[in-house]
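Residues per chain, in single letters:
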Amino acid sequence: MKHVLFLICTLFSFVLFAAETVAPPNDDESKVPKFELPDPLVMADGRKVDSVKMWTEQRRPELLKLFQEHVYGKPTLTEINMKAEIFETAPVFDGKGIRYQLQLVFFKGEQPLQNDPKVDFLIYTPARKNGNKKFPIFLGLNFMGNHTINADPEIRLAQTIWNRSNGQQLPAKDEERGKQSRRWQLETIFAHGFAVGTAYYGDFEPDFNGGIKHGVRRLIYKNGETPNPDDGNAIATWAWGLGKMLDAVTEFQDKLNIDPKKACLVGHSRLGKTSLWAGAIDERFSVVVSNDSGCGGSALSRREFGETVHRINNSFPHWFCGNFKKYNRNVNALPVDQHELVALIAPRPVYIASASEDLWADPQGEFLSAFYADPVYRLFETDGFGGVTEMPPVNQSVGNRIGYHRREGKHDIIEFDWIQFLKFAQKYL
Ligand code: GCU
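These figures come from a predicted structure and were not determined experimentally.

## Some remarks on the pairing of strand β8 (residues 258–268)
Phase 1 of the analysis: For β8, the buried fraction is high: nine of the 11 residues fall into the buried class.
Phase 2 of the analysis: The sheet contact formed by strand β4 (residues 135–142) and β8 spans four bridges and is parallel. The residue of β8 that forms the bridge with Leu139 is Leu265.
Phase 3 of the analysis: Where β8 lies against strand β9 (residues 287–291), five bridges are found, and the strand directions are parallel. When the bridges of β9 are listed, Cys264 appears paired with Val287.
Phase 4 of the analysis: What joins β8 to β9 is helix α7 (residues 270–281), and the crossover it makes is right-handed.

Quick look at the structure:
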């Protein structure tokens, strides 16, 4: 089955991008090239990083800058303001929870204008039974609109859902309600004492090459202007959006009964790449979870197993910064690799999840990022990856402040994954 899926992904990419020859994807471990990883604890000038102070003041900023320049791009939305309001509050699920719906409006200057970009932000908390304590929250973006995360008929339908393969605008439909509820296990989340907040990623920026004209970035690139090669692109925009969601939670923390110091990021696949980047740039997030994030997420680029840098840049030219494309045919020249992205989250707890049949995302490469980030967690005198050295059997959660599992099955985020994430976050919050 896994090979069939791999073949489908491969054929699909061939058909789409026949124009540029990209090497056929490899799913054979014995064909992984030999490579040398950059050492997260060695500065670009060769000095060894031997203290938390040196990491925090020198190496971390250096690495962050390298990732900005060569992979995800620099922040471009710093001058965008946000106005947030809670437009609805109601008890839900027979009194077991509370639903809050917020609207975030983004604008330049003093006041928003009529057509400025808007994002609907949906939050559920368990009913208010947490003593004096505010709830911790999982924050993540969704793929198909807030109304798809639960069958709750009161979730406001998105204005527009974007077809990501052709950029077409479609109306959100009632019959899609709850379609993705398997990926958003509200009952399980509540049972572990967590709130959850989500927004449609297409509200921040639709996910196709050209989506820049329709999301928040239309406020800064006017009249067909295009980003510089080191400007942030779609992933950077979505990651910025997660930070804005946390701003709104912080502003309304008393009304929402949520503790913004206990905010956990979660994301699946391209949104798992996004959660890692958001967690790296924004230290307010206390826990970071990425699920099946693969290439440009937690998988090591130098392994060139499954999806490669060349292929991802061809298939999704709008995700990473322009400079990332320089490495399409020479991934070893990249000044960073993805274990260093995980390390940028240190000493905050980070959890990486893979799925056994998701070879496209390279489970072994995802595991190795966790493994090679460990020395940075050790520098902080934490127990990092907890001495794990080998890929664990399926469905076994391992590690410590760096957590990892490889769920049996395909590319997805399901209850098993959520339970591990919740238990992991509980341990640290
Ligand atoms: C494609 C893409 C991956 C991505 C995934 C997803 O498979 O190649 O990089 O993670 O879509 O977001 O579902």
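Read on for the rest.
## Regarding the environment of Lys325
Phase 1 of the analysis: In this fold, Lys325 is placed in the loop between α8 (309–315) and α9 (338–343).
Phase 2 of the analysis: Between the alpha carbons of Lys325 and Val309 there is a distance of 7.8 Å; along the sequence they are 16 residues apart.
Phase 3 of the analysis: Beyond its immediate stretch of four places on either side in the chain, Lys325 contacts Asn313, Pro317 and Phe320.

## Some details on empty space enclosed by the protein
Phase 1 of the analysis: Scanning the entire structure with this criterion turns up two cavities of 30 Å³ or more.
Phase 2 of the analysis: A volume near 100 Å³ is recorded for the largest cavity.
Phase 3 of the analysis: Elements with a contribution of two residues or more to the lining of the largest cavity: β4 and β8.
Phase 4 of the analysis: Residue composition of the lining of the largest cavity, by class: seven nonpolar, four polar and one charged.
Phase 5 of the analysis: Taken as a whole, the second largest cavity spans an internal volume of roughly 60 Å³.
Phase 6 of the analysis: What lines the second largest cavity is Cys295, Ala299, Leu300, Ser301, Glu304, Phe305, Glu307, Thr308, Val309, Trp360, Ala361 and Asp362.

## Comments concerning the site of the ligand
Phase 1 of the analysis: Ser269, Arg270, Lys273, Glu307, Ile312, Phe316, Trp319, Trp360 and His411 make up every residue found near the ligand.
Phase 2 of the analysis: A distance of 3.0 Å is found between an oxygen atom of the ligand and a side-chain nitrogen or oxygen belonging to Trp360.
Phase 3 of the analysis: In the complex, 83% of the free accessible area of the ligand, which totals 320 Å², lies under the protein chains.
Phase 4 of the analysis: Looking at the shell around the ligand, its residues break down into four nonpolar, two polar and three charged.

## Topic: helix α2 (residues 52–72)
Because each turn of an α-helix spans 3.6 residues, side chains separated by three or four positions in sequence point in the same direction.
Phase 1 of the analysis: Taking 1.5 Å per residue, 21 residues should reach 30 Å; α2 reaches only 25 Å between its end C-alpha atoms and comes up short.
Phase 2 of the analysis: The largest bend in α2 is about 40°, located at Arg59, with the proline Pro61 one to four residues further on.
Phase 3 of the analysis: Every buried residue of α2 is listed here: Met54, Trp55, Arg59, Arg60, Leu63, Leu64, Leu66, Phe67, Gln68, His70, Val71 and Tyr72.
Phase 4 of the analysis: Of the surrounding secondary structure, the elements contacted by the buried residues of α2 are α5 (234–251), α7, α9 and α10 (363–379).
Phase 5 of the analysis: Phi for Gly73, located one or two positions after α2, is positive at around 90°.

## Section: the pairing of strand β10 (residues 350–355)
Phase 1 of the analysis: The buried fraction of β10 is high, at six of six residues.
Phase 2 of the analysis: Of the two faces of β10, the one lined by Val350, Ile352 and Ser354 and the one lined by Tyr351, Ala353 and Ala355 are each fully buried.
Phase 3 of the analysis: The pairing of β9 with β10 spans four bridges and is parallel. The residue bridging Asn291 from the neighbouring strand is Ala353, located in β10.

Conventions we followed
- Residues numbered from 1 in each chain as written.
- Predicted model: local features only at pLDDT ≥ 70, side-chain atom pairs only at ≥ 80, totals over all residues.
- Heavy atoms only, no water.
- Buried < 20%, exposed > 50% of the residue type's maximum accessible area, 1.4 Å probe, protein only.
- Helix = DSSP H or I, 4+ residues; strand = E, 2+ residues; numbered from the N terminus.
- Pairing = 2+ DSSP bridges.
- Right-handed = clockwise from strand over helix to strand, strands pointing away.
- Contact = heavy atoms within 4.5 Å.
- 1 Å grid on protein atoms, 1.4 Å probe; cavity = no way out; pocket = protein on both sides within 12 Å on 5 of 7 lines; lining within 4 Å.
- Points joined across faces, edges and corners; volume = space filled by probe spheres on them.
- Nonpolar A, V, L, I, M, F, W, Y, C, P; charged D, E, K, R; others polar.
- Near = heavy atom within 4 Å.
- Polar contact = N/O pair within 3.5 Å; in protein donor to acceptor, adjacent residues only side chain to side chain.
- Areas by Shrake-Rupley, 256 points an atom, 1.4 Å probe, with all protein chains shown as cover.
- Expected span 1.5 Å × (residues − 1).
- Bend = angle between axes of the 7 residues up to and from the residue.

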